[in-house]
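A structural walkthrough
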Amino acid sequence: MFFMSLPSVLVIEDEPDILSLVSHHLQLAGFTALQALTGGDGLKLARSQKPSLVILDLMLPDTSGQEVFRQLKADPATHSVPVLMLTARAAETDRVQGLELGADDYVTKPFSPRELILRVKGILRRVHPEEARVHEAGHLKLDLDQHRATWKGKELLLTVTEFSLLVQLIKNRGRVQTRESLLNQVWGYTYYGGSRTVDTHVRRLREKLGPANEYIETVRGVGYRFMAPSESA
Ligand code: CA
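Notes on the structure in this doc start here. (Residues numbered from 1 in each chain as written. Predicted model: local features only at pLDDT ≥ 70, side-chain atom pairs only at ≥ 80, totals over all residues. Heavy atoms only, no water.)

Across its full length, the chain carries 9 helices and 12 strands. Across the 233 residues that make up the chain, the buried fraction comes to 45%. A fraction of 57% describes how many contacts in the chain between residues 6 or more apart in sequence connect residues 24 or more apart. Taken as a whole, the chain presents about 12,000 Å² of accessible surface, with 52% of it coming from carbon and sulfur. (Helix = DSSP H or I, 4+ residues; strand = E, 2+ residues; numbered from the N terminus. Buried < 20%, exposed > 50% of the residue type's maximum accessible area, 1.4 Å probe, protein only. Contact = heavy atoms within 4.5 Å. Areas by Shrake-Rupley, 256 points an atom, 1.4 Å probe, with all protein chains shown as cover.)

Within the first shell, the calcium ion binds the protein through Asp 14 (OD), Asp 57 (OD) and Met 59 (O), at distances of 2.1 to 2.3 Å. Counting residues between consecutive donors of the calcium ion along the chain gives the motif D-x42-D-x1-M. Look at Asp 57 and you get buried, because its relative accessible area is 1%. (Donors = N, O, S within 2.8 Å, 3.2 Å for Na, K, Ca; no water.)

In an α-helix, one turn spans 3.6 residues, which is why side chains three or four residues apart end up on the same side. Among the residues making up helix α2 (residues 39–49), those that are buried are Gly 39, Gly 42, Leu 43, Leu 45, Ala 46 and Gln 49. One side of α2 holds all its buried residues, which, seen down the axis, span an arc of 165°. Of the surrounding secondary structure, the elements contacted by the buried residues of α2 are β1 (8–12), β2 (32–36), α3 (65–74) and α7 (179–187). Within two residues after α2, Lys 50 carries a phi angle of roughly 45°, on the positive side. (Arc of directions from axis to C-beta.)

Turning to the environment of His 201, a few remarks are in order. The topology assignment puts His 201 in helix α8 (residues 196–209). Expressed as a C-alpha distance, the spacing of His 201 and Glu 162, which sit 39 residues apart in the sequence, is 6.5 Å. The residues contacting His 201, other than those within four sequence positions of it, are Thr 161, Glu 162, Leu 165 and Trp 187.

Across all of its chains, the model carries 2 aromatic pairs by this definition. Consider the rings of Tyr 215 and Phe 226, whose centres lie 5.7 Å apart with planes at 75°: the pair is edge-to-face. Of this pair, Tyr 215 sits in the loop between α8 and β11 (216–219) while Phe 226 sits in strand β12 (residues 223–226), and the two are 11 residues apart along the sequence. Like Phe 226, Tyr 215 is buried. (Phe/Tyr/Trp six-rings, centres within 6.5 Å; stacked < 30°, edge-to-face > 60°.)

Bringing the sheet that holds strand β10 (residues 176–178) into the picture now. Reading across from one edge, β10-β12-β11 is the order of the 3 strands in this open sheet, with antiparallel pairing throughout. Edge positions in the sheet fall to β10 and β11, since each has one partner strand and no second. Strand-to-strand twist across the sheet, computed as the mean angle between neighbouring axes with direction ignored, equals 30°. Sheet topology places β11 next to β12; 4 bridges connect them, and they run antiparallel. By the bridge assignment, Thr 218 is partnered in β12 with Tyr 224. Across the sheet, helix α6 (residues 160–171) touches β10, β11 and β12, and the angle it forms with β12 is around 70°. Together, β10 and β12 form the strand contacts of α7, whose direction differs from that of β10 by roughly 75°. (Pairing = 2+ DSSP bridges. Axes fitted to C-alpha atoms, helices over the stretch in contact; angles between N-to-C directions.)

We now examine the side chain of Asp 143. Topologically, Asp 143 is positioned in strand β7 (residues 140–143). One buried charge, Asp 143, has no salt-bridge partner; the nearest side chain with opposite charge is Lys 141, at 6.1 Å. Aside from chain neighbours lying at most four places away, what touches Asp 143 is Arg 133, Val 134, Arg 148 and Phe 163. (Lys, Arg positive; Asp, Glu negative; His and termini not counted. Salt bridge = Lys/Arg side-chain N within 4 Å of Asp/Glu carboxyl O.)

Next up on the list: the pairing of strand β5 (residues 105–108). Two faces belong to every sheet, and in a regular strand the side chains alternate between them. Every second residue of β5 is oriented toward a common face, with Asp 105 and Val 107 on one face and Tyr 106 and Thr 108 on the other, all of them buried. Where strand β4 (residues 83–87) and β5 come together, 4 bridges link them in parallel fashion. In the strand pairing of β5, Met 85 is matched with Tyr 106.

Listed below in structure tokens is the structure:
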């Protein structure tokens, strides 16, 4: 199962029915859904997976949604992740609390899944209006919408995984990506294959990249880094 660098949404909700309903609708809308039944698990997943957005229920068994929210915002790894709160009641205090804390939006239960998805998309559009759909480095060009990689205008025949791997590297250009992080982002967090999988795919990717293979730098013992020619000078 390959996840094509789809935006991922983490749902922290202790009611299994709602959790699976929301996840199902997220998947239908093209998102990767990450699930947590407790605040503690949610925080762990948020830190390790860096989702595009968190849907956070205010009433959780182990710790309150407010506390989870505070911890998300206090951690440099997660503080910029937008949060949509689920409030149990239409009570004014809940709404005010959620928004006063700085949540990006809230939805009151019971809600229509379709409405929830619209809100999620709305937040993501506000937060990432400039999300690049085309990445360029030297003569290498990646078009995320067309799913095409070209070198000097000539298409490179990459597999889905190779393309996804290259997208992940180029999006984080200049920064080292560990094998574990690449496994998580490209193969999905439930993938338990070894990090050698990453090396194998990077090797094949480099073979297909021609001169652009030099842009992918091996950082010994850690992982890989994408460096365009002008950046490595
Ligand atoms: Ca709840």
